[in-house]
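What the coordinates show
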Amino acid sequence: MQLSFITGRLTTPGAGTALFLSEDETDLTGRPELAAFQAAVAPLLTTGQFKAKKGEALPLQFGRGWLFLVGLGKPDKITAETWLTSAARAAQMAQDRQAAELEIILPPSDDPALTLKLQVMGSLLAQYRPQEYKSQPDPEPTLTRLIFRAEKLEKGEELLEQGRLMAEGVLLARRLGDRPANLLYPETFALEAAALAKPLGLSVDIFEEKELARERLNLILAVGGGSARPPRLVRVTYPGGPAGQKPVVLVGKGITFDSGGVSLKPSGSLEGMKTDMAGAAAVLAVTLAAARLKLPLNLTAIMPLAENMPDGAGCRVGDVYATRSGQTVEITNTDAEGRLILAEALTLAGELQPAAIIDVATLTGACAVALGERCAGLFCDQPDLALGLTTAAGQMGENVWGLPLLEDYEDLLKSEIADLVNAPGVPRGGAINAALFLRKFVAEGTPWAHLDIAGPGRAAKARPGVTVGATGFGVRTSLHYLAERSRG
Ligand code: BES
Ligand code: MN
Ligand code: ZN
């Protein structure tokens, strides 16, 4: 996709133009920059043929091309998500009409720079179609040129590039999340991560079984032990900040398929479990994008990777393992495997003397039950980090909601024979219990945030800009948080 940014007023519309209107605009008199469209559009507004309700979309033939009207809804209800989905709708309409190019007229907003970035992302994310596994893929999309126009805006090109790189990060996370588990398993994930990171000058360490054992990352070996495809741990380092500056460490759950192990999942719950590596995909994508954006910070991504399968060589219920942290863990449920591999990765993360640790994981069905498909659980007791992530999520159109690291439930993690159980025997508070377990592996005083993306990591239904399957959730929030943080 070719992207360009131009300033100034549009006088002669091209093959496709998108206009965004809110519900309070009953004519176009308040929008002098749209004078060229006044005659065509005003009557539609006055007669109520186009009400500019949120999500409303109307394609019109205009001159020799197309005019695409997109509704934004009530102006006081416009959010980041509105900018993303409205641009996605515009791009979709243009594509449906086989337009080769689309010019997006940037709508007025409180924060035009952010709006531009979001609209760039929305229109690019709408292009995602997992076609690589079709013997007869759909024809290549006709839409190959996107033009963004603002009457006046500083650094438009730079913002465009930022939006593009962020969208590419989301698309990478989606591609990996949608890749079938017979193709994407720990070894191939690790190789892919290396192939993507090395050309950017990042250093990549891959721990194979021997290194996992030598480094006492025993729970990763325990979880991966039931699979014919051995586990890995990948560490990607981006030294974008001053030498000696403490790094931010991202940790992502990389279960390439979660069958539950001997605590086998029922058939219905296996669907989508190839996406149980969405956290690892997100932190990889964020790190690559941070490098491409040349963010001035030191960043390390740690991705523990394993396939959770039932097998004679795999771990059992009741097994006890010593961890790198020194704590021992009794496995009371092999389906609570994410927290096991994350425990070891969090220990490694802590050894880097990090300024902060952020983990991203499709961790618990309980979190998906509590918050649904469009919202991640955020566990964080460090106010600056929690606020930073919440703000970033809001600006990027991703929902996160704070859940408590309740001291009261800590006792549930006690084991009769080891230090900890991985899964308490109570069926309630599952998302909190998992987060409390993770916290046992985070050094006191290290700012740490845990994002449980079990709900929003996959979409069961398509919506503007999102296809069924992996969503790439968490990439925009984490990357935007890091960008803001590194700006100081
Ligand atoms: N990968 C699952 C969590 C999950 C569920 C992600 C649904 C996406 C959609 C995780 O490994 C898991 O199985 N968790 C168990 C924990 C339980 C055994 C304590 C769960 O949530 O049921
Ligand atoms: Mn599981
Ligand atoms: Zn899992």
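Residues numbered from 1 in each chain as written. Chains lettered and ligands numbered in written order. Predicted model: local features only at pLDDT ≥ 70, side-chain atom pairs only at ≥ 80, totals over all residues. Heavy atoms only, no water.

Some words on the packing of helix α2 (residues 80-96) against helix α3 (residues 112-125)
At a minimum axis distance of 7 Å, the contact between α2 and α3 shows a crossing angle of 45°. By the angle class used here, α2 and α3 are oblique. The element α2 and its partner α3 pack so that their crossing is right-handed. Contacts from A80, W83, L84, S86, A87, A88 and A91 of α2 reach α3 at T115, L118, Q119, M121, G122 and S123. Here the residues of the contact of α2 with α3 sort into eight nonpolar, five polar and no charged. (Axes fitted to C-alpha atoms, helices over the stretch in contact; angles between N-to-C directions. Helix = DSSP H or I, 4+ residues; strand = E, 2+ residues; numbered from the N terminus. Parallel < 35°, antiparallel > 145°, perpendicular 65-115°, else oblique. Left-handed = near helix turned anticlockwise from the far one by under 90°. Contact = heavy atoms within 4.5 Å. Nonpolar A, V, L, I, M, F, W, Y, C, P; charged D, E, K, R; others polar.)

Things to note about the pattern of salt bridges
In this structure the tally under the stated criterion is 27 salt bridges. The salt bridge partner of R145 is E101, with a shortest N-O separation of 3.2 Å. Pair noted here: R145 is in strand β6 (residues 145-150) and E101 is in strand β5 (residues 101-105), with a separation of 44 residues, a long-range link. Look at R145 and you get partly exposed, because its relative accessible area is 27%. The closest approach of N and O atoms between K414 and D411, which form a salt bridge, is 3.3 Å. In this structure K414 comes out as exposed when scored by relative accessible area, which is 59%. Residue classification places D411 among the exposed residues on the basis of a relative accessible area of 53%. Three or more residues joined by partner-sharing salt bridges are found here, namely D381, E407, E410, R439 and K440. (Salt bridge = Lys/Arg side-chain N within 4 Å of Asp/Glu carboxyl O. Buried < 20%, exposed > 50% of the residue type's maximum accessible area, 1.4 Å probe, protein only.)

A closer look at the domain arrangement of the protein
The parts lose accessible area when they come together, and the size of an interface is often stated as this lost area. Examined at the domain level, the protein breaks down into domain 1 (2-154) and domain 2 (166-486). Here the C-alpha centre of domain 2 lies 36 Å away from the C-alpha centre of domain 1. Tallying the contact residues gives 17 residues for domain 1 and 20 residues for domain 2. Buried area between domain 1 and domain 2, summed over both chains or domains, comes out near 1600 Å², and the portion from carbon and sulfur atoms is 70%. In terms of surface lost to domain 2, no three residues of domain 1 exceed L125, Y128 and Y133, which account for 40% of the buried area on that side. Our count for the domain 1 to domain 2 interface comes out at one salt bridge. Taking the shortest distance from any N to any O, the salt bridge between E81 and R374 comes out at 3.6 Å. (Domains from an automatic or database assignment. Buried area = accessible area lost by both parts, 1.4 Å probe.)

Details of the packing of aromatic side chains
Considering all chains together, one arrives at three aromatic pairs under this definition. Between F37 and F62 the ring centres are 5.3 Å apart and the planes differ by 45°, which places this aromatic pair in the tilted class. With a gap of 25 residues between them, F37 in the loop between β2 (16-21) and α1 (38-46) and F62 in strand β3 (residues 57-62) connect regions that are remote in the sequence. On the basis of relative accessible area, F37 is assigned to the buried category, the value being 0%. With a centroid separation of 6.2 Å and 10° between ring planes, the pair formed by W66 and F68 is classed as stacked. The exposure class of W66 is partly exposed, given its relative accessible area of 23%. Look at F68 and you get buried, because its relative accessible area is 0%. Sitting over the ring of W66, R97 keeps its end group 5.4 Å from the ring centre. Over the ring of Y185 we find R229, and its NZ or CZ is 4.0 Å from the ring centre. (Phe/Tyr/Trp six-rings, centres within 6.5 Å; stacked < 30°, edge-to-face > 60°. Lys NZ or Arg CZ within 6 Å of the ring centre and 35° of its normal.)

Focus on the pairing of strand β18 (residues 448-452)
Counting buried residues in β18 gives five out of five residues, a clear majority hidden from the surface. Side chains W448, H450 and D452 project from β18 onto one buried face, and the interleaved A449 and L451 project onto a second face that is buried too. The sheet contact formed by strand β14 (residues 356-361) and β18 spans five bridges and is parallel. In the strand pairing of β18, D359 is matched with H450. (Pairing = 2+ DSSP bridges.)

Observations regarding the nonpolar core
Side chains of a nonpolar character, in soluble globular proteins, are inclined to be buried together. One finds L102, F148, F189, M303 and L482 to be the most contacted residues of the largest nonpolar core, which totals 96 residues. Counting residues per element, this core draws most heavily on helix α9 (residues 278-292), which supplies twelve residues. The two domains that each donate at least three residues to this core are domain 1 (2-154) and domain 2 (166-486). In this structure, F207, L348, A435 and L438 belong to the second largest nonpolar core, which totals 42 residues. (Core = buried A, V, L, I, M, F, W, Y, C linked by side-chain atoms within 4.5 Å.)

Describing the coordination of the zinc ion (ligand 3)
Donor atoms from the polypeptide that coordinate the zinc ion (ligand 3) comprise K253 (NZ), D258 (OD), D276 (OD) and E337 (OE), at 2.0 to 2.4 Å from the metal. Coordination at the zinc ion (ligand 3) is octahedral: its six donor atoms span angles of 79 to 172° at the metal. The sequence pattern formed by the donor residues of the zinc ion (ligand 3) is K-x4-D-x17-D-x60-E. Here the zinc ion (ligand 3) and the manganese ion (ligand 2) are spaced 3.2 Å apart, and both take D258 as a donor. Placement of K253 in the loop between β9 (248-252) and β10 (254-258) and of E337 in the loop between β13 (328-330) and α10 (338-350) is noted, with a sequence separation of 84 residues between them. Overall, the relative accessible area of 0% leaves E337 in the buried class. (Donors = N, O, S within 2.8 Å, 3.2 Å for Na, K, Ca; no water. Tetrahedral: all angles 85-135°; square planar, octahedral: opposite > 155°, others 65-115°.)

As for the site of ligand 1
Taken together, 15 residues sit near ligand 1, with D258, K265, D276, D335 and G365 positioned nearest. D258 is positioned such that a nitrogen or oxygen atom in its side chain is 2.9 Å from an oxygen atom of ligand 1. Here G365 contributes a backbone N or O atom positioned 2.7 Å from an oxygen atom of ligand 1. Relative to its free-state accessible area of 520 Å², ligand 1 is covered by the protein chains to the extent of 73%. For the shell around ligand 1, the residue count by class is four nonpolar, four polar and seven charged. (Near = heavy atom within 4 Å. Polar contact = N/O pair within 3.5 Å; in protein donor to acceptor, adjacent residues only side chain to side chain. Areas by Shrake-Rupley, 256 points an atom, 1.4 Å probe, with all protein chains shown as cover.)

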